[in-house]
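Summary of structural features
Now for the letters of each chain:
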Amino acid sequence: RLYRQRLRKRLDLRMAKKIILEDTFATELKRCRVRLRMTQLKLSIMAGIPLSNIKAWEQGKQMPNYDNWEKLYKFFEPHHITRNLEIAYTREKGQ
């Protein structure tokens, strides 16, 4: 019984890691924005990016070009929440 509980716990951890690794850029962008308790409009104004772009990125319809990616990165970097966003961006841009 104890063995089964430990095994189940390990499998749950693996599934959680897999889900985290498979998050899309859209999901990560929204997660970062929500973590800072910001609306899309506020992010748009503060990062200097059109609101329509942010909406399209969070819906997964587009990916940011390099200039806009740089603006996003510079905006989120001081808050130390860029790692997963960067991973998702490079993974999807590389496809």
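Residues numbered from 1 in each chain as written. Predicted model: local features only at pLDDT ≥ 70, side-chain atom pairs only at ≥ 80, totals over all residues. Heavy atoms only, no water.

Topic: the packing of helix α2 (residues 25-35) against helix α5 (residues 66-76)
Two elements in contact, α2 and α5, have axes whose closest approach is 12 Å; the angle formed by their N-to-C orientations is 35 degrees. In this structure, α2 meets α5 at a crossing whose hand is left-handed. Of the residues in α5, those in contact with F25, L29, C32 and R33 of α2 are W69, L72 and F76. For the contact of α2 with α5, the residue count by class is six nonpolar, no polar and one charged. (Axes fitted to C-alpha atoms, helices over the stretch in contact; angles between N-to-C directions. Helix = DSSP H or I, 4+ residues; strand = E, 2+ residues; numbered from the N terminus. Left-handed = near helix turned anticlockwise from the far one by under 90°. Contact = heavy atoms within 4.5 Å. Nonpolar A, V, L, I, M, F, W, Y, C, P; charged D, E, K, R; others polar.)

Observations concerning the packing of aromatic side chains
A complete count under the given rule lists five aromatic pairs for this structure. Centroid distance W69 to Y73: 5.8 Å. Interplanar angle 55 degrees. Geometry classified as tilted. With a gap of four residues between them, W69 and Y73 both fall in helix α5, about one helical turn apart. Since its relative accessible area comes to 22%, Y73 is described here as partly exposed. An angle of 5 degrees between the planes, with centres 4.2 Å apart, marks the rings of W69 and Y89 as stacked. On the criterion of sequence distance, the pair formed by W69 in helix α5 and Y89 in helix α6 (residues 83-93) is long-range, its members being 20 residues apart. The buried category is assigned to Y89, whose relative accessible area is 7%. (Phe/Tyr/Trp six-rings, centres within 6.5 Å; stacked < 30°, edge-to-face > 60°. Buried < 20%, exposed > 50% of the residue type's maximum accessible area, 1.4 Å probe, protein only.)

A word on the environment of I49
Among the structural elements, I49 can be located in the loop between α3 (40-47) and α4 (51-58). Given a relative accessible area of 3%, I49 falls into the buried group. Residues I49 and L72 lie 23 residues apart in sequence; the distance between their C-alpha atoms is 8.3 Å. Contacts of I49, omitting those with residues within four sequence positions, involve S44, I54, W57, N68, K71 and L72.

Remarks on the packing of α2 against α6
Relative to each other, α2 and α6 sit at 160 degrees, their axes nearing to 8 Å. Comparing the axis directions of α2 and α6 gives the class roughly antiparallel. Of the two elements, α2 crosses α6, and the hand of that crossing is left-handed. Here F25, E28, L29 and C32 of α2 lie close against α6, whose contacting residues are N84, L85, A88, Y89 and E92. When its residues are assigned to classes, the contact of α2 with α6 shows six nonpolar, one polar and two charged. (Parallel < 35°, antiparallel > 145°, perpendicular 65-115°, else oblique.)

What to know about the environment of N84
Note on placement: N84 falls in helix α6. Here the alpha-carbon distance between N84 and F25, two residues 59 residues apart in the chain, equals 8.6 Å.

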